[in-house]
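Structural characterization, general
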Amino acid sequence: AQKVTQTQTSISVMEKTTVTMDCVYETQDSSYFLFWYKQTASGEIVFLIRQDSYKKENATVGHYSLNFQKPKSSIGLIITATQIEDSAVYFCAMRGPYQGGRALIFGTGTTVSVSP
Amino acid sequence: EAAVTQSPRNKVAVTGGKVTLSCNQTNNHNNMYWYRQDTGHGLRLIHYSYGAGSTEKGDIPDGYKASRPSQENFSLILELATPSQTSVYFCASGDGGNSYEQYFGPGTRLTVL
């Protein structure tokens, strides 16, 4: 069965610094897709970035980047030059099996607090 | 930009009552999903659908039914609401194909007293 684990429950950082959060996953599939979502204080859930398992390059979108370590089944999210508005809950997710409608399998989330 | 809306945004129900949560998407995605979010659990899949007329059970379907009368609309139905169903419910859509991302609605906060 597929599983996503985020062990860091919360992280506090100063504005304009870099924050890194961890995620490990389990899957039997040879090809898979990993995602990071952000949940804002208002509850809105927004897609941030995606990593395809067959790609060796780490995905980057704006000031979000991924540290994909396939042998360790690890997909870390890195946010550089953090801003106050980066304070949120960040969820790691994996695309589920076809038989499950390709629903997402989520980790439990990491709360990031950015202070001025 | 994908657009997913949910109604109501907040709902207070009584134990044993019937509750219907509605979701509408305007991006013509085939797949739609209902998740619930509880502290310590992340988001968990309740029901999903492949298209109009299709509903499938997810990981935690007990106590819930779903209805997909059209491509755009997907409802979650609690026939006999219980306090354990107090949660935040999110609807999402995705095309299940090349665009692997899912787009989420704003959520519905349900309190069952």
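Before reading on, note that the structure itself is shown above.
What this report covers is the structure whose coordinates are included nearby. (Residues numbered from 1 in each chain as written. Chains lettered and ligands numbered in written order. Predicted model: local features only at pLDDT ≥ 70, side-chain atom pairs only at ≥ 80, totals over all residues. Heavy atoms only, no water.)

1. Quick word on the pairing of strand β5 (residues 42-49) of chain B
Residues and elements named next belong to chain B.
- The element β5 is largely enclosed, with a buried count of seven among its eight residues.
- Relative to β5, strand β4 (residues 31-38) is paired through seven bridges, and the arrangement is antiparallel. Across the sheet, the residue bridging to Y35 is L45, located in β5.
- Two successive antiparallel strands, β4 and β5, enclose a turn made up of three residues, where G40 displays a positive phi of approximately 85 degrees.
- By the bridge criterion, two bridges tie β5 to strand β6 (residues 56-57) in an arrangement that is antiparallel. Each bridged residue has a counterpart across the sheet, and for Y48 the counterpart in β6 is E56. (Buried < 20%, exposed > 50% of the residue type's maximum accessible area, 1.4 Å probe, protein only. Helix = DSSP H or I, 4+ residues; strand = E, 2+ residues; numbered from the N terminus. Pairing = 2+ DSSP bridges.)

2. Regarding unusual backbone geometry
- Look at the link from B:S7 to B:P8: it is a cis peptide, with omega at -5 degrees.
- Tracing the backbone shows B:P8 in the loop between β1 (4-7) and β2 (10-13).
- The phi torsion at A:S73 lies on the positive side, around 50 degrees, for a residue other than glycine.
- With phi around 60 degrees, B:N28 is a residue other than glycine that occupies positive phi space.
- Note that B:N28 resides in the loop between β3 (19-25) and β4.

3. A word on the state of the cysteines
Residues and elements named next belong to chain A.
- Scanning all chains against the criterion turns up two disulfides over all chains.
- Across a sulfur-sulfur distance of 2.0 Å, C23 and C92 are joined as a disulfide pair. Its S-S torsion of approximately -75 degrees makes the covalent link between C23 and C92 left-handed. You can see C23 sitting in the loop between β3 (19-21) and β4 (24-26) and its partner C92 sitting in strand β10 (residues 88-95), a full 69 residues away along the chain. Both residues of the pair, C23 and C92, belong to the buried class. (Disulfide = S-S within 2.5 Å.)

4. Description of the packing of aromatic side chains
- In the structure shown here, the tally under the stated rule is 15 aromatic pairs over all chains.
- Ring centres of A:F106 and B:Y35 lie 5.7 Å apart, and the angle between their planes is 90 degrees; on these two criteria the pair is classed as edge-to-face. Of the two residues, A:F106 sits in strand β11 (residues 104-106) while B:Y35 sits in strand β4, which places them in two different chains. Each of the two residues, A:F106 as well as B:Y35, counts as buried.
- Considering the side-chain rings of B:W34 and B:F74, the 6.4 Å spacing of their centres and the 35 degrees angle between planes classify their relative orientation as tilted. Taken together, the positions of B:W34 in strand β4 and B:F74 in strand β8 (residues 73-78) put the pair 40 residues apart, joining distant regions of the chain. For the pair B:W34 and B:F74, a shared accessibility class is recorded, and that class is buried. (Phe/Tyr/Trp six-rings, centres within 6.5 Å; stacked < 30°, edge-to-face > 60°.)

5. Structural notes on the nonpolar core
- With 25 residues, the main nonpolar core has A:M21, A:Y25, A:W36, A:I49, A:I75, A:L77 and A:Y90 as its most contacted residues.
- For this core, the element with the highest residue contribution is β10(A), accounting for four residues.
- With residues up to four places along the chain from it excluded, the contact list for A:I75 reads A:C23, A:Y25, A:L34, A:W36, A:Q51, A:L66, A:N67, A:F68 and A:C92.
- A:Y37, B:Y48, B:V88 and B:F90 belong to the second-largest nonpolar core, a separate cluster that totals 19 residues. (Core = buried A, V, L, I, M, F, W, Y, C linked by side-chain atoms within 4.5 Å. Contact = heavy atoms within 4.5 Å.)

6. Observations regarding the sheet that holds β1(B)
Residues and elements named next belong to chain B.
- Reading across from one edge, β1-β3-β8-β7 is the order of the four strands in this open sheet, with antiparallel pairing throughout. If you trace the sheet from one side to the other, it starts and ends with β1 and β7 (65-67), each paired once. Adjacent strand axes in the sheet meet at a mean angle of 20 degrees when their direction is disregarded.
- Pairing analysis gives four bridges linking β1 to β3, with the strands arranged antiparallel. Its bridge partner being in β3, V4 is matched across the sheet by Q25. (Axes fitted to C-alpha atoms, helices over the stretch in contact; angles between N-to-C directions.)

Geometry only, nothing functional implied.
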